[in-house]
Amino acid sequence: MTEEKFIFSAAIKKKIFYTMGAGILLLVIGIFMAMNGGHHAGHEVAEHADTHGGPIWQLRIIKDLWLNNVFFSGIAIVGVFFVAFNYIAQAGWGVVVKRVAESFGYFIPVGGVVMILLFVVFNHDLFHWTHHNLYESGAEFDEILNGKKGFLNFPFFLIRMVIYFVLWYFIWKSIRTNSVAEDLNADLKYHNKSIFWSAIFLLVFGVTSSTSAWDWVMSIDPHFFSTMFGWYVLASWFVSGLAMITLVVVTLKENGYLSVVNSSHLHDLGKFMFAFSIFWSYIWFAQFLLIYYANIPEESIYFVERLKNDVYSPIFFMNLFINFAFPFLTLMAAEAKRQAIILKIVAIAILIGHWFDFYIMMTPPLLKQEGGLDVKILFIEAGITMIFGGIFFYMILNGLSKASLVPKNHPMLQESVHHSIYL
Amino acid sequence: MQVTSPVRPPLVTGGKTISDVTADICKQVEGKPSKMWIISFTLSVICLGYGSYCLWMTWWEGLGLWGLNKTIGWAWDITNFVWWVGIGHAGTLISAVLLLFRQKWRTSINRAAEAMTIFAVLCAASFILAHMGRPWMAYWALPLPNSFGSLWVNFNSPLVWDVFAISTYLTVSLVFWYVGLIPDFATIRERATGIRRVIYGALSFGWVGSAKHWSRYEAISLVLAGLSTPLVLSVHTIVSMDFATSVIPGWHTTIFPPYFVAGAIFSGFAMVLTLMLITRVVFKLQDYVTIEHIESMNKIIVLTGSIVGIAYITEFFIAWYSGAPYESYAFVNRMSGPYWWAYWSMMTCNVISPQLFWIRAVRRNIKITFVLSIVVNIGMWFERFVIIATSLHRDYLPSSWAMFYPTKYDVGDYLFSFGLFFTLFLLFAKYFPVINMAEVKSIIKSSSGKQEHKH
């Protein structure tokens, strides 16, 4: 097979820079709107939120930076997860899309650095539990958080964060190195090494996916706890990652790349998005039902804040509609999963939907009544997301251009090239 | 064109041809029962007989014969129920989920695993009937119009959801299993004479193997697989909600649904391994249930065992993290209270020992696999016992703290389910084809060792 390489052309780079530029412009407009338009009662609420006197729009930006970094880092790590479980399951069909998922790993270092910086600089804004007065006797003393300080404390949190990214990056790097080396030298030892590192990755990710979700998402609401939360975040990351893989594969194909990807591969990617949208809904519903049914105040406050609150309930229901009903109904028919355009629409919907899933997880405890669906989302949130998306695509497309688009010496490549689910 | 990568090991060894498959599997159905079979069957029937006596006594005298007390009102009955239902999950996972994932190795084990599912669900149902105390009123669990005034099922109760989930699951599993059997019954019919030909002829529903029949067979298999997949997840999800909807420390935890499903698949695969490791030797099926099949099942065991392990650790961590004193106590009491031995048996058998399967040599060692498959089932029984008994035995009122001691009837009713399970499984193994001949034949071309040599 002839080697096919993705060319990260100046035209594509220009598009990415324009998107990021537009994002910056939107953000600036959004900030001006927030500063001058003076959303009602903005300052009053800001006092209740942990902004230390800063205006609410600043907190909003900090929250968006954190949200996008958690969202895109999750997608990046799911790319590695996809490669790893395909190795372990000895799945042959996905070899032709493997390089796309593999390239997501190029975002991990960016995500790691941004995450550490954001935490070091803005920890008091993002995490209520970082305030020292909660642990000293006085009016602010919080007995519950005092009990958690063995886990929720600045140094340990930072060490954990560094460990996650270092482990993820180095295991991804090992998988990637073997994968690229296999292109140059058709030796089965690279395949076997990839299987070994994939197993290590699954072991590490099995634990760190839950612990990172507790750290980065659940501890924003430090009194709330749910044993399901780690898997809930994992499900959301996972389906977003699958949607991103599908989106990149379909877009590459539209631009004349990946000619070996046929409608059966698309069908399988569609099945993945379909199945794991249902899986996410299952996890969502199981967590909701049990908390609703038992109605223990410490737990149900989470849903009271989001469901019984006019500011957030539209987003709450939108989350369910976009992430469950829409992919479920659209991808139900077999033929729908084989159409590039339908996959593209659903993948974009899933990505937007799960971005809002993280939004509804993170915003209520930080912005209180100020985080609802209003026109500012179109500027501040959209602007920051476009900047992050631009960085994400720049990193992965740049990575993608460094090696052949199809791993040409993968021992299961022929299975994948001749893949047909109707045989 | 379908291509099979050279790195894939063959799934059918020994150079079997399509006619060998028919001969090797029909041989067991057509031959006289072996001595081993007769001995095993006799033991199972004795076990069933003694168990039936104990069950009869339970109904005749009442549930007072069990070791329940005012603090622990649910113990072995529900433990055994959950254990058996969980075991049942592997059959559906193998036949439905692995079909959707196009895993060819499922063809050699799906028949026996599905049979195991059905029998395990029947065993589970026997505990529902047993712990009703008055089984003749079992129909009260159904939402039937009645003349008892306002008597109606409580739709808010997960126990009622169980009734629907499990009965639907049993029905669909039975249909799935039977549909798969039809072509094989036709194969046996073609080889049989006399009364056997009439019986297998009737069982095969007039199957002639035309292209139209096969097309329908494949279509219905996919539809049933699509139906069974959400069903199998729903069953153990709802079983977990029997506990998790209540506000009892140790029971109410949101991770229960997926964690119970993972545990169910874990124990189910262990039971499939236990049964298949014996069956393949007794029926000389080593070329069909190969070391590759065993290794694949062991991989699923280490995966699901690790998922269960993460869930245990998550529960423990969140119990501490929550700052809720009752929740924390429930978990500390599990680990170091009077039931510490049950807790550590569970931890050892479910989380620690299956980790040996990370090592390839262990996954491919039949003796270790056999021992570990039994260890896993012991561990999974303890898991349910730990969740149920340790959360109940020390309630909010220390004066009513108690321990549970099983009586002869607790043990006897458990033996009843073993007797029932093995009696049914042995009858199945003798009179039905234990391996899906039609589906194994379909992979011979792509995945048998013989074809491999030709290249």
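Residues numbered from 1 in each chain as written. Chains lettered and ligands numbered in written order. Predicted model: local features only at pLDDT ≥ 70, side-chain atom pairs only at ≥ 80, totals over all residues. Heavy atoms only, no water.

### Topic: the overall build of chain B
Across its full length, chain B carries 16 helices and zero strands. Expected size for 455 residues packed as a compact globule is a radius of gyration near 23 Å; at 23 Å, chain B falls within 12% of this value. Summarising its shape, the C-alpha atoms of chain B cover approximately 75 × 55 × 40 Å along the three principal directions. Taken across its 455 residues, chain B has 56% of its residues classed as buried. A separation threshold of at least 6 residues defines the contact pool for chain B, and within that pool the share at least 24 residues apart is 82%. Surface exposure of chain B reaches about 18700 Å², of which carbon and sulfur atoms provide 71%. One finds the centroid of the 33 positive side-chain charges in chain B at a distance of 10 Å from the centroid of its 22 negative side-chain charges. (Helix = DSSP H or I, 4+ residues; strand = E, 2+ residues; numbered from the N terminus. Rg over C-alpha atoms; globule rule 2.2 N^0.38 Å. Buried < 20%, exposed > 50% of the residue type's maximum accessible area, 1.4 Å probe, protein only. Contact = heavy atoms within 4.5 Å. Areas by Shrake-Rupley, 256 points an atom, 1.4 Å probe, with all protein chains shown as cover. Lys, Arg positive; Asp, Glu negative; His and termini not counted. Charge placed at Lys NZ, Arg CZ, Asp CG, Glu CD.)

### As for the overall build of chain A
Broken down by element type, chain A carries 15 helices and zero strands. A compact globule built from 423 residues would reach a C-alpha radius of gyration of about 22 Å, and chain A, at 22 Å, matches this within 12%. Taking all 423 residues of chain A together, 60% fall into the buried category. A separation threshold of at least 6 residues defines the contact pool for chain A, and within that pool the share at least 24 residues apart is 82%. A total accessible area of about 16100 Å² is found for chain A, and carbon and sulfur atoms account for 69% of it.

### Points about the interface of chain A and chain B
Taken residue by residue, the interface counts 48 residues in chain A and 40 residues in chain B. Counting each side, the surface lost to burial between chain A and chain B is near 3800 Å², with a carbon and sulfur contribution of 69%. Among the residues of chain A in contact with chain B, Thr 227, Trp 231 and Leu 290 of chain A are the three that bury the most area, contributing 20% of the side total. Here chain A and chain B share two salt bridges between them. Connecting chain A to chain B are 14 residue pairs in polar contact (both at pLDDT 80 or more). (Buried area = accessible area lost by both parts, 1.4 Å probe. Salt bridge = Lys/Arg side-chain N within 4 Å of Asp/Glu carboxyl O. Polar contact = N/O pair within 3.5 Å; in protein donor to acceptor, adjacent residues only side chain to side chain.)

### Looking at the packing of helix H10 (residues 263–294) of chain A against helix H8 (residues 256–282) of chain B
When two helices pack together, their arrangement is given by the angle between the helix axes and by the axis-to-axis distance. Close contact between H10 of chain A and H8 of chain B brings their axes to 9 Å; oriented N to C, the two are set at 120°. Between H10 of chain A and H8 of chain B, the interaxial angle falls into the category oblique. Residues Tyr 282, Ile 283, Ala 286 and Leu 290 of chain A of H10 of chain A form the contact with H8 of chain B, whose participating residues are Pro 257, Pro 258 and Val 261 of chain B. Residue composition of the contact of H10 of chain A with H8 of chain B, grouped by class: seven nonpolar, no polar and no charged. (Axes fitted to C-alpha atoms, helices over the stretch in contact; angles between N-to-C directions. Parallel < 35°, antiparallel > 145°, perpendicular 65-115°, else oblique. Nonpolar A, V, L, I, M, F, W, Y, C, P; charged D, E, K, R; others polar.)

### Details of helix H12 (residues 313–330) of chain A
Residue and element names in this part refer to chain A. The end-to-end C-alpha separation of H12 is 24 Å, in line with the 26 Å expected for 18 residues at 1.5 Å each. Helix geometry: H12 is bent most strongly at Phe 321, by close to 30°. When we look at burial in H12, the residues that qualify are Ser 313, Ile 315, Phe 316, Asn 319, Ile 322, Asn 323, Ala 325 and Pro 327. (Expected span 1.5 Å × (residues − 1). Bend = angle between axes of the 7 residues up to and from the residue.)

### Considerations on the confidence of the model for chain A
Mean pLDDT over chain A: 92, with 95% of residues reaching 70 or higher. Averaged over each element, pLDDT in chain A is lowest for helix H2 (residues 42–48) of chain A (45) and highest for helix H9 (residues 229–254) of chain A (97). (pLDDT = per-residue confidence, 0-100.)

### Quick word on the pattern of salt bridges
All names here are of chain B. Counted according to the given criterion, the structure contains 26 salt bridges over all chains. Across the salt bridge formed by Glu 30 and Arg 191, the nearest N and O atoms sit 2.9 Å from each other. Remark: Arg 191 occurs in helix H5 (residues 158–191) and Glu 30 occurs in helix H1 (residues 18–30); sequence separation between them is 161 residues. Classification of Glu 30 as partly exposed rests on a relative accessible area of 29%. Put simply, Glu 292 and Arg 364 hold a salt bridge, and the shortest N to O gap is 2.9 Å. Here Glu 292 is found in helix H9 (residues 291–321), whereas its partner Arg 364 is found in the loop between helix H12 (360–363) and helix H13 (366–393), with 72 residues between them in sequence. For Glu 292, a relative accessible area of 16% corresponds to the buried category.

### Section: the confidence of the model for chain B
With 98% of its residues at a pLDDT of 70 or more, chain B shows a mean pLDDT of 92. Ignoring residues within four places in sequence, the model shows residues 451–455 of chain B, a span with pLDDT below 50, making two contacts including any to other chains.

### Observations concerning a nonpolar patch on the surface
A surface patch of nonpolar side chains, amounting to about 530 Å² of accessible area, comprises Tyr 139, Trp 140, Leu 142, Leu 144, Phe 148 and Leu 151 of chain B. Residue classification places Tyr 139 of chain B among the partly exposed positions, given a relative accessible area of 40%. (Patch = residues over 30% accessible without salt bridge, like charges linked within 9 Å, V, L, I, M, F, W, Y side chains within 5 Å.)

### Re the environment of Val 12 of chain B
Residue and element names in this part refer to chain B. Mapped onto the elements, Val 12 comes out in the segment before H1. Of the residues examined, Val 12 reaches a relative accessible area of 0% and is grouped as buried. In sequence terms Val 12 and His 89 are 77 residues apart; their C-alpha atoms lie 25 Å from each other.

### Some thoughts on the layout of surface pockets
All names here are of chain A. In this structure, the second largest pocket encloses a volume near 960 Å³. Residue lining of the second largest pocket: 28 residues in total, with Thr 19, Met 244, Leu 247, Gly 389 and Phe 393 positioned closest to the centre. For the lining of the second largest pocket, the secondary structure elements donating two or more residues are helix H1 (10–38), helix H3 (56–88), H9, helix H13 (340–367) and helix H14 (380–400). Residue contributions to the lining of the second largest pocket peak at eight residues, all from H14. (1 Å grid on protein atoms, 1.4 Å probe; cavity = no way out; pocket = protein on both sides within 12 Å on 5 of 7 lines; lining within 4 Å. Points joined across faces, edges and corners; volume = space filled by probe spheres on them.)

### Quick notes on H3 of chain A
Residues and elements named next belong to chain A. Under the 1.5 Å per step criterion, the end-to-end length of H3 is 47 Å for 33 residues, consistent within 8% with the ideal 48 Å. Across the 33 residues that make up H3, a large majority, 30, are buried. Where H3 ends, the next residue or the one after it, Gln 90, has phi of about 50°, a positive value.

### Topic: the nonpolar core
Counting residues in hydrophobic clusters, the biggest one holds 265 residues, and the most contacted among them are Trp 66 and Trp 216 of chain A together with Trp 84 of chain B. Setting aside chain neighbours within four positions, we find Trp 84 of chain B in contact with Ala 120, Cys 123, Ala 124, Phe 127, Met 271, Tyr 414, Ser 417, Phe 418 and Phe 421 of chain B. Listed in part, the 12 residues of the second largest apolar core include Ala 96, Phe 176, Val 179 and Ala 225 of chain B. (Core = buried A, V, L, I, M, F, W, Y, C linked by side-chain atoms within 4.5 Å.)

### Side note on the packing of aromatic side chains
Under the criterion given, the structure shown has 119 aromatic pairs over all chains. Ring geometry for Trp 37 of chain B versus Phe 41 of chain B: centroids 4.8 Å apart, planes at 10°, classification stacked. Highlighted residues: Trp 37 of chain B and Phe 41 of chain B, both in helix H2 (residues 35–61), separated by four residues, approximately one helical turn. For Arg 160 of chain A, the ring lying beneath its charged end belongs to Phe 151 of chain A, and the centroid distance is 3.7 Å. The ring of Tyr 431 of chain B carries Lys 430 of chain B above its face, with NZ or CZ at 5.1 Å from the centroid. (Phe/Tyr/Trp six-rings, centres within 6.5 Å; stacked < 30°, edge-to-face > 60°. Lys NZ or Arg CZ within 6 Å of the ring centre and 35° of its normal.)

### Focus on the state of the cysteines
Residue and element names in this part refer to chain B. Going through the model one piece at a time under the given rule, you end up with zero disulfides over all chains. Here Cys 54 is not disulfide-linked; the sulfur of Cys 47 is the nearest cysteine sulfur, at 9.8 Å. Cys 123 takes part in no disulfide bond, and the closest cysteine sulfur to it belongs to Cys 47, at a distance of 10 Å. (Disulfide = S-S within 2.5 Å.)

### What to know about the side chain of Arg 306 of chain A
Residues and elements named next belong to chain A. Within the fold, Arg 306 resides in helix H11 (residues 297–307). Its relative accessible area of 1% is what places Arg 306 among the buried residues. For Arg 306, the side chain forms a polar contact with the main-chain oxygen of Met 361, separated by 2.8 Å. Ignoring sequence-local partners within four residues, the contact set of Arg 306 consists of Asp 221, Tyr 312, Ser 313, Phe 316, Ile 360, Met 361, Pro 364 and Pro 365.

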